[in-house]
Amino acid sequence: MRWLMTLGERTRPDTPTYAEDPAPDQARALALVDDFAHLFTVLKQWRQQYGEELTAFAVQVQADDIENLPAELIEQWEWKATWSAWTPSGAAT
């Protein structure tokens, strides 16, 4: 099992804590890592590229290649994702 994470999209300016969870084939940023701890390295890089405050969604998946994700994984992404919002201090909210 590996961890797949997508960058969330804040689509409601009137609700700054709301973020949509795009499917992996629609995400602006996507990461596939072997260990949960590696997600924090990716988040740090994303914060440098996309700004201090971001939202990411991550789930455990059975996938070997980020370029060839199983179709069923993409179809089921919406109900499987775990919400996680990150503040500039790096603390989960």
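This is a predicted model, so every value here is computed, not measured. (Residues numbered from 1 in each chain as written. Predicted model: local features only at pLDDT ≥ 70, side-chain atom pairs only at ≥ 80, totals over all residues. Heavy atoms only, no water.)

A.B. asks: Is there a simple way to explain the overall build of the protein chain in this structure?
C.D. replies: Scanning the protein chain for helices and strands turns up two helices and four strands. Secondary structure elements in the protein chain, listed N-terminal to C-terminal, are β-β-α-β-α-β. In the protein chain, which comprises 93 residues, the proportion classed as buried is 39%. Counting only contacts in the protein chain whose residues sit at least 6 apart along the sequence, the fraction spanning at least 24 positions is 67%. Of the roughly 5900 Å² of accessible surface on the protein chain, a fraction of 48% belongs to carbon and sulfur atoms. (Helix = DSSP H or I, 4+ residues; strand = E, 2+ residues; numbered from the N terminus. Buried < 20%, exposed > 50% of the residue type's maximum accessible area, 1.4 Å probe, protein only. Contact = heavy atoms within 4.5 Å. Areas by Shrake-Rupley, 256 points an atom, 1.4 Å probe, with all protein chains shown as cover.)

A.B. asks: Can you walk me through the nonpolar core in this structure?
C.D. replies: Proteins that are soluble and globular tend to have nonpolar side chains buried together. Membership of the largest hydrophobic core comes to 13 residues, with the highest contact counts inside it found for Met5, Leu39, Val42, Leu43, Trp46, Leu54 and Ala56. Mapped onto this core, the elements with two or more residues apiece are β1 (2–7), β2 (30–33), α1 (38–50) and β3 (54–61). Considering each element in turn, this core owes the most residues, four residues, to α1. Grouped together as the second largest cluster of nonpolar side chains are 10 residues, Leu4, Val59, Val61 and Ala63 included. (Core = buried A, V, L, I, M, F, W, Y, C linked by side-chain atoms within 4.5 Å.)

A.B. asks: Mind showing me how you'd approach the environment of glutamate 75 here?
C.D. replies: Counting through the fold element by element, glutamate 75 comes out in helix α2 (residues 71–80). Under the relative-accessibility criterion, glutamate 75 is labelled exposed at 64%. When the C-alpha positions of glutamate 75 and aspartate 25 are compared, they lie 9.9 Å apart, and in sequence the two are 50 residues distant.

A.B. asks: Mind showing me how you'd approach the confidence of the model for the protein chain here?
C.D. replies: Should pLDDT be low for a region, the predicted coordinates there are not to be read in detail. This prediction gives the protein chain a mean pLDDT of 81; 83% of its residues lie at or above 70. Taking the mean pLDDT of every element in the protein chain, the minimum, 42, falls on strand β4 (residues 82–86) and the maximum, 95, on β2. Note on residues 81–93: pLDDT is under 50 here. Beyond four places in sequence and across chains, it has 35 contacts. (pLDDT = per-residue confidence, 0-100.)

A.B. asks: What's the story with the environment of isoleucine 66 in this structure? I'm lost.
C.D. replies: Mapped onto the fold, isoleucine 66 is located in the loop between β3 and α2. With 42 residues separating them along the chain, isoleucine 66 and proline 24 place their C-alpha atoms 9.0 Å apart. Apart from the residues within four sequence positions on either side, isoleucine 66 is in contact with Leu30, Ala31 and Leu32.

A.B. asks: Is there a simple way to think about the pattern of salt bridges in this case?
C.D. replies: In a structure, side chains of opposite charge can pair up when their charged atoms sit close to one another. Applying the stated rule across the entire model yields three salt bridges. Arginine 2 is the salt-bridge partner of aspartate 34, the closest N and O atoms lying 2.6 Å from each other. Taken together, the residues span a long stretch of sequence, with aspartate 34 in the loop between β2 and α1 and arginine 2 in strand β1 at a distance of 32 residues. As a salt-bridge pair, arginine 28 and glutamate 9 come within 2.9 Å of each other at their nearest N and O atoms. Of this pair, arginine 28 sits in the loop between β1 and β2 while glutamate 9 is found in the loop between β1 and β2, placing the two residues 19 residues apart along the sequence. Judged by relative accessible area, which is 24%, glutamate 9 ranks as partly exposed. (Salt bridge = Lys/Arg side-chain N within 4 Å of Asp/Glu carboxyl O.)

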